[in-house]
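Chain residues, written in single-letter form:
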Amino acid sequence: MSVTERQVQYLRQLVGGARRIAVLTGAGMSTESGIPDFRSADGLWSRDMSLADAVSVDYFQRDPAAFWRAFRDIFHIKLVGDYQPNDGHRFLAALEEDGKEVTILTQNIDGLHGRAGSRRVLELHGTLLTASCPDCRTPHPLDYVQQHELPACRRCGAALKPDVVLYGEAVPMIDVAFQAALNAELLLVMGSSLEVSPVNLIPVEAARAGIPCALINYTPTRFDALFDLCIHAGIGETCRQLRS
Ligand code: NAD
Ligand code: ZN
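Treat the numbers as computed from the prediction; the structure is a model and nothing was measured.

## What about the coordination of the zinc ion (ligand 2)?
Note on the zinc ion (ligand 2): its protein donors are Cys-133 (SG), Cys-136 (SG), Cys-153 (SG) and Cys-156 (SG). The metal-donor distances range over 2.3 Å. Around the zinc ion (ligand 2) sit four donor atoms; with metal-centred angles ranging over 100 to 126 degrees, the donor geometry is tetrahedral. In the primary sequence, the donor residues of the zinc ion (ligand 2) line up as C-x2-C-x16-C-x2-C. In this pair, Cys-133 is assigned in the loop between strand S4 (126-132) and strand S5 (139-141) and Cys-156 in the loop between helix H7 (142-147) and strand S6 (161-164), connecting sequence segments 23 residues apart. Residue Cys-133 is classed as buried on the basis of its relative accessible area of 0%. Taking relative accessible area as the criterion, Cys-156 reaches 43% and is therefore assigned partly exposed.

## So, the nonpolar core
In summary, soluble globular proteins display a tendency toward joint burial of nonpolar side chains. Core analysis: the largest hydrophobic core is formed by 29 residues, its most contacted members being Val-55, Phe-67, Trp-68, Phe-71, Phe-75, Leu-128 and Leu-166. Both of domain 1 (5-35 + 85-125 + 170-243) and domain 2 (39-81 + 131-164) provide at least three residues apiece to this core.

## A short note on the pairing of strand S1 (residues 20-25)
Burial analysis of S1 places five of its six residues in the buried class, the great majority of the element. Direction of pairing for S1 relative to strand S2 (residues 101-106): parallel, over a ladder of six bridges. Paired with Val-23 across the two strands is Ile-104, which belongs to S2.

## Quick word on the domain arrangement of the protein
Annotation of the protein at the domain level lists domain 1 (5-35 + 85-125 + 170-243) and domain 2 (39-81 + 131-164). For domain 1 and domain 2, the distance between their C-alpha centres works out to 27 Å. Residue-level contacts link seven residues of domain 1 with six residues of domain 2. Carbon and sulfur atoms make up 62% of the area that domain 1 and domain 2 hide from each other, which totals about 520 Å². There are zero salt bridges connecting domain 1 and domain 2. A per-class count over the side of domain 1 that touches domain 2 returns two nonpolar, two polar and three charged.

## Comments concerning the sheet that holds strand S8 (residues 213-216)
Backbone-to-backbone hydrogen bonds pair the strands of a sheet. The strands run either parallel or antiparallel. Across the sheet, which stays open at both edges, the six strands sit in the order S3-S2-S1-S7-S8-S9 with parallel pairing between neighbours. Of all the strands in the sheet, the pair left with one neighbour each is strand S3 (121-123) and strand S9 (229-231). Here the strands of the sheet are splayed against their neighbours by 15 degrees on average, with no regard to which way each runs. Across five bridges, the pairing between S1 and strand S7 (residues 186-190) is parallel. Bridging from a neighbouring strand, Ala-22 pairs with Leu-187 of S7. Of the strands in this sheet, S1, S2 and S7 touch helix H5 (residues 87-97), which is tilted by about 150 degrees from S2. Against the sheet, helix H9 (residues 201-208) touches S1, S2, S7 and S8, its axis set at about 155 degrees to S7.

## As for the sheet that holds S4
Pairing is antiparallel in the open sheet, where three strands are placed in the order S5-S4-S6. Every other strand in the sheet has two partners, leaving S5 and S6 as the edge strands with one partner each. Pairwise comparison of adjacent strand axes, ignoring direction, gives a mean angle of 50 degrees for this sheet. Two elements, S4 and S5, share three bridges in a ladder whose sense is antiparallel.

## Looking at the layout of surface pockets
The calculated volume of the second largest pocket comes to roughly 170 Å³. Surrounding the second largest pocket, 13 residues form its lining, Phe-60, Ser-132, Pro-134, Arg-137 and Lys-161 being those nearest its centre. Along the lines of polarity and charge, the residues of the lining of the second largest pocket split into seven nonpolar, two polar and four charged.

Definitions and cut-offs
- Residues numbered from 1 in each chain as written.
- Chains lettered and ligands numbered in written order.
- Predicted model: local features only at pLDDT ≥ 70, side-chain atom pairs only at ≥ 80, totals over all residues.
- Heavy atoms only, no water.
- Donors = N, O, S within 2.8 Å, 3.2 Å for Na, K, Ca; no water.
- Tetrahedral: all angles 85-135°; square planar, octahedral: opposite > 155°, others 65-115°.
- Helix = DSSP H or I, 4+ residues; strand = E, 2+ residues; numbered from the N terminus.
- Buried < 20%, exposed > 50% of the residue type's maximum accessible area, 1.4 Å probe, protein only.
- Core = buried A, V, L, I, M, F, W, Y, C linked by side-chain atoms within 4.5 Å.
- Domains from an automatic or database assignment.
- Pairing = 2+ DSSP bridges.
- Contact = heavy atoms within 4.5 Å.
- Buried area = accessible area lost by both parts, 1.4 Å probe.
- Salt bridge = Lys/Arg side-chain N within 4 Å of Asp/Glu carboxyl O.
- Nonpolar A, V, L, I, M, F, W, Y, C, P; charged D, E, K, R; others polar.
- Axes fitted to C-alpha atoms, helices over the stretch in contact; angles between N-to-C directions.
- 1 Å grid on protein atoms, 1.4 Å probe; cavity = no way out; pocket = protein on both sides within 12 Å on 5 of 7 lines; lining within 4 Å.
- Points joined across faces, edges and corners; volume = space filled by probe spheres on them.

See below:
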């Protein structure tokens with residue numbers, strides 16, 4: 001479906017009326033940069049092992065070599081340095097240039113919001129750009145990770161763990177994220193199926209607190225009823241129309 005002029009006008013009004021904006025983004029934010037999401041029809045995970053098992057802290061601890069093989073495959077880690085921000089990322093960065101206080105709460109681990117120029121980005125699920133030693137905590141850059149099939153710590157030799165939040169691990173910045181959403185005058189959700197907890201409770205709390213909420217996502221989510229406006233269309237086309 002494409003976005004209607006009425007929806008664009010309503011969203012423009014919501015954005016125009018808010019100085020502090022919180023934006024919750026998910027994998028759909030980066031599909032137009034060429035990074036597949038998980039849950040769209042052409043999302044990349046369709047194996048015999050469940051995603052939650054493959055990207056879990058248990059699997060990493062049990063078999064780091066097998067974990068890294070699956071992890072690279074799932075996240076196209078070899079390519080991550082080459083992906084570029086798209087019109088959606090640029091739209092959010094431009095809002096800050098317009099003088100808005102924009103806090104991005106992202107489930108993405110690709111670093112594209114920062115590359116687009118957004119300054120307040122909480123990477124709730126961590127980042128692909130580094131991997132750290134679980135024993136001595138030494139961080140290692142992506143270049144190093146890409147050069148080794150099973151990347152080991154340069155200081156102590158332990159198998160590195162990607163600096164992403166794996167299934168079975170707590171989301172460290174979740175309280176700050178809820179605070180940012182509750183302090184905002186508008187919550188935008190972009191490109192998330194809202195299937196992953198606890199992040200999917202952010203719009204629930206914001207709506208309960210009476211904060212206007214808008215969603216841009218191809219497919220409906222089970223929380224759509226909470227939103228003042230749901231646009232089931234592409235992020236890029238919607239943002240381009242908002243700017244025009
Ligand atoms: P998800 O895959 O569950 O949902 C993505 C949603 O975005 C889908 O509902 C889809 O309809 C929608 N979508 C896709 N492209 C779109 C577009 N161009 N415009 C509008 N809507 C679009 O993603 P999620 O909710 O973020 O949960 C997946 C988990 O996987 C997250 O925890 C995230 O950490 C991780 N992940 C991250 C990346 C990344 O960093 N880019 C990629 C895949 C998965
Ligand atoms: Zn170490």
